[in-house]
Amino acid sequence: MNDHSPSSGSHPGTLLLRTAGTCHLDMPHLVEVFGEQRQRFVSILQGFGPREWAAPTRCAEWSAHDVVRHLCDATGFATAAGADDRTLDMTVGFDPRTSPRRWLTASAGESTATTLGRLMAVTSELLACARGRLAGGSRFDVHLPYGPMDWTVLVLHVFWDSWIHERDVLLARGAEHPTSDDATGYAAAYGLFISAAVASLFGDPVRDTLRLGGDGGGIFDLDSRGAVTLTVSREHAAGPPAAQVTDALAGRAPAAAVLGALPGSTRTALSHLADFFTTPVDQSPA
C-alpha cells in the first residue's frame, strides 16, 4: 500500500499531492473547511422555494434539486468507503458523466425537504467519520478515477466536487458564491491535481508552475512526467483568479479564456478533464 498519510506538521498554507508517495494534507483543517462550506450552502438552501429548487444549474440536465441529491450520494459514498473501495474506479466502470445520473434514480421523487435533511445528515456523518479515522490513525486506500489513494484524498475529492457543484447552483442564478480563501485554495489545488492526473492517463504529461491570483491563489508547481506531483505554496501571486481556473478545469468555462497565458502544451494537457466532462455520451441501450 502506498503511503498517502497526512503530515501532522503540515500547514494549511502548504500542500503536497502525489499519486505515488506521501501526500501532505492538513486533514483537520480540511475537515473544518469542508464543514464550513457545507454549513454555508445548507443555510442558503434553507431559503430556497420551489422555483429555486427547480431552477437550472451549470450542469446541463440537472436542476438545483438534482445537484443537491448528487451531493448526498457522493457524500454518502465517501462516508461508507472502506479499504480498496472501487466506487470511483474508472477501470471497473465508473464514468463521471453517466454514473452519477444512475445514482440519482434511487432518490427520484424525493421531496426537497427530505433531500435537504439527508444532505445535513450525511455531511455530519462524513465529518464525524473523518475525525474518528484521524483520531484512530486509520490508513487504507480507495480507488479514485486515476488510481488508488489514501482515504484522506477521497475527502479532498468530495470537497472539490461539493465546491464546484455549489457554484453550479449559485452562479447559474446570478448569486455570489460565499466561499472562503482556504476553501478556494483546496478546490484549486485538487482541480489542478486531478486535471494533471487525467492528462497523464491520456499520455500527455505536464510540467509547469502556475501562479494563480485572488482568493485561493498561490504558486502551484505541477509535474506529471512520472508520478503526478503537485506542490502548492499559498502566497500572494499575480495571475488568473484561482476560482475561475478551477471552473475552467472542470469544464464550466472556456479554458482558453482563463488559461490563455500558459504554454499551449500545458493548456492542452490540463484541458483533457474538461474535454472529457463535456463530451456527449450515448446512453441509449446497447
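Provided above is the structure to which this section pertains.
Small disclaimer: the values here were computed from a predicted structure and weren't measured.

A closer look at the overall build of the protein
Argument step 1. For the protein, the count of helices and strands is eleven helices and six strands.
Argument step 2. For 286 residues, the compact-globule formula gives about 19 Å, and the C-alpha radius of gyration of the protein, at 18 Å, lands near that figure.
Argument step 3. Along the first, second and third principal axes, the C-alpha set of the protein runs to 45 × 45 × 45 Å.
Argument step 4. Put simply, the protein has 286 residues, and 53% of those count as buried.
Argument step 5. Here the analysis covers contacts within the protein between residues at least 6 apart in sequence; of these, 68% occur between residues at least 24 apart.
Argument step 6. Across the protein, 22 positive and 31 negative side-chain charges occur, with their mean positions spaced 2 Å apart.

Section: the nonpolar core
Argument step 1. Of all hydrophobic cores here, the largest spans 66 residues; its most connected members are F159 and Y190.
Argument step 2. Considering every element that reaches this core, the biggest residue donor is helix α7 (residues 181-201), with 13 residues.
Argument step 3. In this view, F159 contacts L30, V33, F34, Q37, A183, Y186 and A187; residues no more than four positions away in its chain are not counted.
Argument step 4. The next biggest cluster of nonpolar side chains, apart from the first, holds 17 residues, and it includes L45, W53, C59 and V68.

A word on the packing of helix α1 (residues 27-45) against helix α6 (residues 151-172)
Argument step 1. Running from N to C, α1 and α6 point in directions that differ by 25°, and their axes come no closer than 11 Å. When the axis of α1 is compared with that of α6, the two are roughly parallel. Viewed along their axes, α1 and α6 form a crossing whose handedness is left-handed. Touching M27, L30, V33, F34, Q37, R38, F41 and I44 of α1 are W151, T152, V155, L156, V158, F159, S162, W163, E166, V169 and L170, all from α6.
Argument step 2. Its residues assigned to classes, the contact of α1 with α6 shows 14 nonpolar, three polar and two charged.

Things to note about the side chain of R167
Argument step 1. Take R167: it is sitting in helix α6.
Argument step 2. The class of R167 is buried, set by a relative accessible area of 9%.

Parameters and conventions
Residues numbered from 1 in each chain as written. Predicted model: local features only at pLDDT ≥ 70, side-chain atom pairs only at ≥ 80, totals over all residues. Heavy atoms only, no water. Helix = DSSP H or I, 4+ residues; strand = E, 2+ residues; numbered from the N terminus. Rg over C-alpha atoms; globule rule 2.2 N^0.38 Å. Buried < 20%, exposed > 50% of the residue type's maximum accessible area, 1.4 Å probe, protein only. Contact = heavy atoms within 4.5 Å. Lys, Arg positive; Asp, Glu negative; His and termini not counted. Charge placed at Lys NZ, Arg CZ, Asp CG, Glu CD. Core = buried A, V, L, I, M, F, W, Y, C linked by side-chain atoms within 4.5 Å. Axes fitted to C-alpha atoms, helices over the stretch in contact; angles between N-to-C directions. Parallel < 35°, antiparallel > 145°, perpendicular 65-115°, else oblique. Left-handed = near helix turned anticlockwise from the far one by under 90°. Nonpolar A, V, L, I, M, F, W, Y, C, P; charged D, E, K, R; others polar.

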